[in-house]
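An overview of the molecular structure
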Amino acid sequence: MTFWKNFALGAALLLPASPVAAQKTPPAPAAAAPTLAQTLRASRWQKRILLVGAPAATAPELAQQKKLLASAGPELQKRDFLVLQLVYSQLAPADRQYWTQELKLPLNGFAVALIGKDGGVKLNQLQPVAPAELFGVVDKMPMRKQEAKGAKK
């Protein structure tokens, strides 16, 4: 799956769907979207998660972060990244609580959190993060060093 598909998938998992036009037959009950905590739990030992949060989808920092990551798609894939865009006003209350209490990030400005495959928070920033900085953090991790050795064989 490409980086941008991951990005879109991640955004779709956490952002509510748009309203559906009225239908003659009642729709089947929709499955509840997974919470942020559930998504992180499901990705544990599989993906490194980069959470990119902003108060609005039009936040300039969000656009800047997307631009920075756009050129790094293959490197993000190589390191098993899943990028999730979070717009605070569209988050469920449980996700807002997780963001502030578990990740200790504010809901009133831009923020980035890097979650390792072990589920631990590896980096929190309140401004866009350059891919080189992300890769520097990840490439120092013992698990990533093992992955890199395995890829060379």
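Our subject is the structure listed above.
Note that the coordinates shown come from a computational prediction; the quantities given were computed from them, not determined experimentally.

The next thing to look at is the sheet that holds strand 4 (residues 121-125). Read from one edge to the other, the open sheet built from four strands follows the order 2-1-3-4, with strand pairing classed as mixed. In this open sheet, the two edge strands, each paired with only one partner strand, are strand 2 (81-87) and strand 4. When the angles between neighbouring strand axes are averaged without regard to direction, this sheet yields 15°.

Here we take up the packing of helix 2 (residues 36-43) against helix 5 (residues 93-102). Two elements in contact, helix 2 and helix 5, have axes whose closest approach is 8 Å; the angle formed by their N-to-C orientations is 70°. As judged from the angle between their axes, helix 2 and helix 5 are roughly perpendicular. Counting all contacts with helix 2, which are made through Leu 36, Ala 37 and Leu 40, the residues of helix 5 involved are Asp 95, Tyr 98 and Trp 99. A class-by-class count of the residues in the contact of helix 2 with helix 5 yields five nonpolar, no polar and one charged.

With that settled, consider the environment of Pro 93. Looking at where Pro 93 falls in the secondary structure, it is placed in helix 5. Pro 93 gets classed as exposed once you look at its relative accessible area, which sits at 67%.

Under the definition given, this model contains six salt bridges. Note that Lys 78 is salt-bridged to Glu 75, the shortest N-O span being 3.3 Å. Placement of the pair is Lys 78 and Glu 75 together in helix 4 (residues 73-78), with a separation of three residues, close to one helical turn. The partner of Lys 117 in a salt bridge is Asp 80, and the shortest N-O contact between them spans 2.7 Å. One end of the pair, Lys 117, is in the loop between strand 3 (111-115) and strand 4; the other, Asp 80, is in the loop between helix 4 and strand 2, and 37 residues separate them in sequence. We classify Asp 80 as partly exposed; its relative accessible area is 23%. Where salt bridges share partners, they join Glu 75, Lys 78, Arg 79, Asp 139 and Arg 144 into one cluster.

Here we take up the nonpolar core. Of all hydrophobic cores here, the largest spans 19 residues; its most connected members are Leu 50, Phe 81, Leu 114 and Leu 134. Among the secondary structure elements, those contributing two or more residues to this core are strand 1 (48-54), helix 3 (60-70), strand 2, strand 3 and helix 6 (131-139). Leu 114 has contacts with Ile 49, Leu 50, Phe 81, Gly 120, Val 121, Lys 122, Leu 123, Leu 134, Val 137, Val 138 and Met 141, leaving out every residue within four places of it along the chain. Ranked by size, the runner-up nonpolar core spans 15 residues in total, among them Leu 40, Ile 49, Leu 51 and Leu 91.

Conventions adopted
- Residues numbered from 1 in each chain as written.
- Predicted model: local features only at pLDDT ≥ 70, side-chain atom pairs only at ≥ 80, totals over all residues.
- Heavy atoms only, no water.
- Pairing = 2+ DSSP bridges.
- Helix = DSSP H or I, 4+ residues; strand = E, 2+ residues; numbered from the N terminus.
- Axes fitted to C-alpha atoms, helices over the stretch in contact; angles between N-to-C directions.
- Parallel < 35°, antiparallel > 145°, perpendicular 65-115°, else oblique.
- Contact = heavy atoms within 4.5 Å.
- Nonpolar A, V, L, I, M, F, W, Y, C, P; charged D, E, K, R; others polar.
- Buried < 20%, exposed > 50% of the residue type's maximum accessible area, 1.4 Å probe, protein only.
- Salt bridge = Lys/Arg side-chain N within 4 Å of Asp/Glu carboxyl O.
- Core = buried A, V, L, I, M, F, W, Y, C linked by side-chain atoms within 4.5 Å.

What is shown is where atoms sit, not what they do.
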